[in-house]
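# Residue-level structure breakdown
Read off the chains here:
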Amino acid sequence: MAQQSKVRIIAGEWRGRLVNFPQAEGLRPTPDRVRETLFNWLGQTLDGKTCLDLFAGSGALGFEALSRGARRVVMAEQNPQVLKSLQENARKLGADRLVLVAGDGLKTLSREGEVFDVIFLDPPFHHGILPLLLPLLSDRLAPDGLVYAETEQALEPGEGWEVWRSGRAGKVFYCLLKRKTEGP
């Protein structure tokens, strides 16, 4: 059996609960201090919000969002072993507001028709996926929605986006993006 790793849910209904996940290539759970910063930026609770976690991995971001009151979270994961772990964690936590989707994040985004308040993007590093994803998000993001991205280098989000908040933890860059608003 593959070695299991764990990540702790920081706050909310499931505060202190552990989420198990297998070791898999490219799987790097968002560190506690980065998640804490992210959810401070988002306002601590996500009551009534809908979230999409396109590269769920350990599920740390999606489970944290559910723990903090998100109305609905959709997680996409293409690795069958990691997906099975997400299913087990969801069952263990009683995560009935979670929808798990088996598949690639990019394909899931193009198929998914729902609009979300928060989209989490933490794709495998060094694959150049984020520049392909960002142009596809405008139809999936609520008008005042936010996009969280984790990258291996500072992100230049491109046309239509602005970095609202950003930080760095070791070799990980992270930021919260929002749509650019047209000035007067």
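Let me sum up the structure you'll find in this document. (Residues numbered from 1 in each chain as written. Predicted model: local features only at pLDDT ≥ 70, side-chain atom pairs only at ≥ 80, totals over all residues. Heavy atoms only, no water.)

### What to know about the overall build of the protein chain
Looking only at helices and strands, the protein chain features five helices and nine strands. Traced from its N-terminal end to its C-terminal end, the protein chain shows the element sequence β-β-α-β-α-β-α-β-α-β-α-β-β-β. For the protein chain, whose C-alpha radius of gyration is 15 Å, the value lies close to the compact-globule estimate of 16 Å for 184 residues. The dimensions of the protein chain, computed from C-alpha atoms along their principal axes, are 55 × 35 × 35 Å. Counting the 184 residues in the protein chain, one finds 50% classified as buried. When the accessible surface of the protein chain is summed, it comes to about 9,300 Å², and 48% of that surface belongs to carbon and sulfur atoms. For the protein chain, the centre of its 24 positive side-chain charges and the centre of its 23 negative side-chain charges are spaced 5 Å apart. (Helix = DSSP H or I, 4+ residues; strand = E, 2+ residues; numbered from the N terminus. Rg over C-alpha atoms; globule rule 2.2 N^0.38 Å. Buried < 20%, exposed > 50% of the residue type's maximum accessible area, 1.4 Å probe, protein only. Areas by Shrake-Rupley, 256 points an atom, 1.4 Å probe, with all protein chains shown as cover. Lys, Arg positive; Asp, Glu negative; His and termini not counted. Charge placed at Lys NZ, Arg CZ, Asp CG, Glu CD.)

### Some details on a positive patch on the surface
A cluster of basic residues, Lys 6, Arg 17, Arg 91 and Lys 92, forms a positive patch at the surface. Note on placement: Arg 91 falls in helix α3 (residues 80-93). Given the relative accessible area of 64%, Arg 91 is considered exposed. (Patch = residues over 30% accessible without salt bridge, like charges linked within 9 Å, V, L, I, M, F, W, Y side chains within 5 Å. Salt bridge = Lys/Arg side-chain N within 4 Å of Asp/Glu carboxyl O.)

### Examining helix α2 (residues 60-67)
Of all eight residues that make up α2, eight are buried, and the element is covered over most of its length. What α2 keeps buried is the set Ala 60, Leu 61, Gly 62, Phe 63, Glu 64, Ala 65, Leu 66 and Ser 67.

### As for the pattern of salt bridges
Counting across every chain of the model gives five salt bridges. Put simply, Asp 32 and Arg 35 hold a salt bridge, and the shortest N to O gap is 2.4 Å. Highlighted residues: Asp 32 and Arg 35, both in helix α1 (residues 32-42), separated by three residues, approximately one helical turn. We classify Arg 35 as buried; its relative accessible area is 1%. Its salt-bridge partner being Arg 72, residue Glu 114 comes within 2.7 Å of it at the nearest N-O pair. Remark: Arg 72 occurs in strand β4 (residues 72-77) and Glu 114 occurs in the loop between α4 (105-111) and β6 (116-121); sequence separation between them is 42 residues. Among the residues examined, Arg 72 registers a relative accessible area of 27% and is labelled partly exposed. Linked by salt bridges that have partners in common, Asp 32, Arg 35, Glu 64 and Arg 68 make up one network.

### Considerations on the packing of aromatic side chains
Aromatic rings considered in pairs are described by the distance between their centres and by the relative angle of their planes. Across all of its chains, the model carries three aromatic pairs by this definition. Taken together, the aromatic side chains of Phe 39, Phe 120 and Tyr 148 make up a single cluster linked through ring pairs. Against the face of Trp 164 rests Arg 165, its NZ or CZ located 4.4 Å from the ring centre. (Phe/Tyr/Trp six-rings, centres within 6.5 Å; stacked < 30°, edge-to-face > 60°. Lys NZ or Arg CZ within 6 Å of the ring centre and 35° of its normal.)

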